[in-house]
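Each chain, letter by letter, is given below.
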Amino acid sequence: MINYTEKIPNNVDLGRDRVLQRALEHWQPAYLSWWYDMGPNESHNFEVYLRTAISVEPDGWAQFDYIKMPEYRWGIFLQPRDEKRQVNFGIHKGQPAWQDVPGEYRSILRRIIVTQGDTEPASVEQQKMLGLSCPSLYDLRNIFQVNVEEGRHLWAMVYLLHRYFGRDGREEAESLLARRSGDTDNPRILGAFNEPTPDWLAFYMFTFFTDRDGKFQLCALAESGFDPLARTCRFMLTEEAHHMFVGESGVSRIIQRTCEVMKENKIDAPADVRALGVIDLQTIQRYLNFHYSVTLDLYGSDVSSNAANYYTSGLKGRFRETKLEDDHTLRDAMYPVSEVVGDKINTKQVPALTALNERLRDDYIEEIQAGVNRWQRVIDEAGIPFRLTLPHKGFHREIGNFAGHFISLTGEILTEEQWKAHEFDWLPSPKDYSYVQSLMSGRVAELGKFANWIAPPVKGVNGQPLDFQYVRFN
Ligand code: BYC
């Protein structure tokens, strides 16, 4: 029997909701069994210095203590309700926000929630093995924090399925624990969540690029006219910020370390850089190209009737919908999208309603560019003449108007043969992966020590020093 306030911190009055309790009592053991199988490898007895959300108050969602991850208190939190909130876009604009699922939108709403929910356990599965090769206790603690919070994000979506979708919601919640990242028979729903995350550079790139897709999708869902979804996503966004910090600072520290070694030794050829046990900037660029292009696919097709339906029905808005100044129905608006015509990439105007995936992707790209500029500053400050760039939007795409075309980093349309001839100039090769993995053959676990290929962070977690015991191995 679960003690609801203790075991599952929540602000949804779980203690009084018998139906929800029964559903969760059934699901929780299955979740824990999934965590034992697919959560961080060989970590179940570690005591990890984690933060746990215990309420939505500013001081309540950041309680730090040592905890064994299977005992983490995965809670259910929604941003407090605003009684006056309305549906802010689409054909229902101006109606009170829905507190229950509108019957006519039941199946598409369930589908959006399931797609969102599916990514959360997927990312934990992708990162399962990385604890064995962490560059420090600080980084080990951070990946575990990310993992338990992705677990909590799964809980958040399962809460919605259990509370609002009855029996088919419960079935979907079970399927969320049954699919597996990369599995040929029962894969995760979206492409990027079936790619391996084989090393720590890939992990930091993933949390920078792909978790930021999480941010933008959650922001769009936080505008939803279905109020429980909006309020759930708002709270999830507070956790997402930390994941993106882990990614951005992780890549930045790798770049910093590489630049230090290049400067100290006055070298710039990748082979010389590798000989000194750090990751050459060219390899970092190739990882960037991979994670950026795979993540762009997560926004869906450039022109999408699904996206138009989500918006018109008031279920999924635009990034910062209520801050935008227009009619919020997009009746006459147009938006530019690219398409490949012969050997050229043209821009054409299409109804903005159908181009909402593309618009969200564009909002994302703007924020990504700002992050890449911050990485560039580390290189510039070291006085190294190397530029990190974002590939052309059409490079290495499998979804949308660019899918099926062979587009170079700079946006030329090539034949398959021409493209293949450059594939490993542009994307990490098996040799790149094996080099990077050779640096990460074991766990760096001495207090205050960092692997040679990464600089220490500027400060520790929650005011603790860098040589703090962030993880106790029992
Ligand atoms: N891979 O009209 P289209 C996160 C499918 S990340 C495979 O283009 P739509 C996180 C699509 O399902 C954020 N299939 O797409 C990050 C459709 O299938 P059907 C996750 C794809 O529906 C890090 C068909 O292609 N949240 O939180 O407009 C760690 C044509 O669809 C892909 C969400 O994604 C793909 N990449 O948009 C942890 C929000 N793209 O109908 C967590 C919820 C499309 O032919 N999801 N397809 O069977 C959505 O809003 C939409 O599903 C999408 C797709 C934006 C993803």
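A few points on the structure. Here the structure is a predicted model, which is why all the values come from computation and not from measurement. (Residues numbered from 1 in each chain as written. Predicted model: local features only at pLDDT ≥ 70, side-chain atom pairs only at ≥ 80, totals over all residues. Heavy atoms only, no water.)

1. What to know about the overall build of the protein chain
Alright, step 1. Summing up its helical and strand segments, the protein chain has 13 helices and seven strands in all.
Alright, step 2. Whereas a compact globule of 474 residues would reach a radius of gyration of roughly 23 Å, the protein chain reaches 23 Å, a difference of no more than 12%.
Alright, step 3. Along the first, second and third principal axes, the C-alpha set of the protein chain runs to 65 × 60 × 40 Å.
Alright, step 4. Looking at the protein chain residue by residue over its 474 residues, the buried ones come to 57%.
Alright, step 5. Across the protein chain, the fraction of contacts at a sequence separation of at least 24, relative to all contacts at a separation of at least 6, is 71%.
Alright, step 6. Across the protein chain, the 53 positively charged side chains and the 66 negatively charged ones have centroids separated by 4 Å. (Helix = DSSP H or I, 4+ residues; strand = E, 2+ residues; numbered from the N terminus. Rg over C-alpha atoms; globule rule 2.2 N^0.38 Å. Buried < 20%, exposed > 50% of the residue type's maximum accessible area, 1.4 Å probe, protein only. Contact = heavy atoms within 4.5 Å. Lys, Arg positive; Asp, Glu negative; His and termini not counted. Charge placed at Lys NZ, Arg CZ, Asp CG, Glu CD.)

2. Topic: helix H9 (residues 281-296)
Every α-helical turn comprises 3.6 residues, leaving residues that sit three or four positions apart pointing alike.
Alright, step 1. The end-to-end C-alpha distance of H9, which contains 16 residues, comes to 22 Å, matching closely the 22 Å that a straight helix rising 1.5 Å per residue would cover.
Alright, step 2. The buried count for H9 comes to 15 of 16 residues, which makes it a mostly enclosed element. (Expected span 1.5 Å × (residues − 1).)

3. Digging into the site of the ligand
Alright, step 1. Residues in close proximity to the ligand total 30 residues, the closest being Arg111, Gln116, Ser301, Ser304 and Lys316.
Alright, step 2. Backbone polar atom of Gly191 to a nitrogen atom of the ligand: 2.9 Å apart, as the coordinates give it.
Alright, step 3. In the environment of the ligand, an oxygen atom lies 2.5 Å from a nitrogen or oxygen atom belonging to the side chain of Ser301.
Alright, step 4. Contact with the protein chains covers 81% of the free accessible surface of the ligand, which is 1,100 Å².
Alright, step 5. Because more than half of its atoms lie within 2 Å of the grid, the ligand is assigned to the largest pocket.
Alright, step 6. The set of elements that each furnish at least two residues to the shell around the ligand consists of helix H3 (106-126), helix H6 (200-221) and helix H10 (305-312).
Alright, step 7. For the shell around the ligand, a count of residues per class yields ten nonpolar, 13 polar and seven charged. (Near = heavy atom within 4 Å. Polar contact = N/O pair within 3.5 Å; in protein donor to acceptor, adjacent residues only side chain to side chain. Areas by Shrake-Rupley, 256 points an atom, 1.4 Å probe, with all protein chains shown as cover. 1 Å grid on protein atoms, 1.4 Å probe; cavity = no way out; pocket = protein on both sides within 12 Å on 5 of 7 lines; lining within 4 Å. Sits in = over half its atoms within 2 Å of the grid points. Nonpolar A, V, L, I, M, F, W, Y, C, P; charged D, E, K, R; others polar.)

4. Observations concerning the pairing of strand S4 (residues 344-351)
Along any regular strand the residues' side chains alternate between the sheet's two faces.
Alright, step 1. One ladder, built from eight bridges, connects strand S3 (residues 334-341) with S4; its direction is antiparallel. Across the sheet, residue Met334 finds its bridge partner in S4, namely Pro351. (Pairing = 2+ DSSP bridges.)

5. A short note on the packing of helix H4 (residues 137-164) against helix H5 (residues 166-178)
Two quantities define a packed helix pair, namely the angle between the helix axes and the distance between the axes.
Alright, step 1. Between H4 and H5, whose axes approach to 6 Å, the crossing angle comes to 155 degrees. The angle between H4 and H5 places the two elements in the roughly antiparallel class. Only Gly166, Gly169, Arg170, Glu172, Ala173, Leu176 and Leu177 of H5 make contact with H4, whose side of the interface consists of Leu154, Val158, Leu161, His162 and Tyr164.
Alright, step 2. Here the residues of the contact of H4 with H5 are counted per class, giving seven nonpolar, three polar and two charged. (Axes fitted to C-alpha atoms, helices over the stretch in contact; angles between N-to-C directions. Parallel < 35°, antiparallel > 145°, perpendicular 65-115°, else oblique.)

6. With respect to the sheet that holds strand S7 (residues 471-472)
The pairing of strands in a sheet comes from backbone hydrogen bonds and takes either a parallel or an antiparallel form.
Alright, step 1. Overall, antiparallel pairing links the three strands, which are arranged S2-S1-S7 in an open sheet. Strands at the two margins of the open sheet, each flanked by one partner only, are strand S2 (63-68) and S7.
Alright, step 2. Sheet topology note: the strand S1 (residues 47-52)/S2 ladder contains six bridges and is antiparallel. What sits directly across from Arg51, in S2, is Phe64.

7. Concerning the nonpolar core
Alright, step 1. One finds Phe209, Ile255 and Trp375 to be the most contacted residues of the largest nonpolar core, which totals 116 residues.
Alright, step 2. With 16 residues, the top contributor of residues to this core is H4.
Alright, step 3. Once residues lying within four places of it in the same chain are set aside, the contact partners of Phe209 are Leu288, His291, Tyr292, Thr295, Tyr364, Ile368, Trp375 and Leu390.
Alright, step 4. Counting eleven residues, the second largest nonpolar core, distinct from the first, contains Phe206, Phe290, Leu298 and Phe395. (Core = buried A, V, L, I, M, F, W, Y, C linked by side-chain atoms within 4.5 Å.)

8. Description of empty space enclosed by the protein
Alright, step 1. Overall, the coordinates contain three cavities of 30 Å³ or more when judged by the stated rule.
Alright, step 2. The space that makes up the largest cavity amounts to roughly 100 Å³.
Alright, step 3. If you go around the largest cavity, you meet 13 residues; those closest to its centre are Lys316, Gly317, Leu356, Asn357 and Leu360.
Alright, step 4. Those elements that place two or more of their residues in the lining of the largest cavity are H10 and helix H11 (356-381).
Alright, step 5. Residue composition of the lining of the largest cavity, by class: seven nonpolar, two polar and four charged. (Points joined across faces, edges and corners; volume = space filled by probe spheres on them.)

From the geometry alone we can't say anything about function, so treat these as descriptive.
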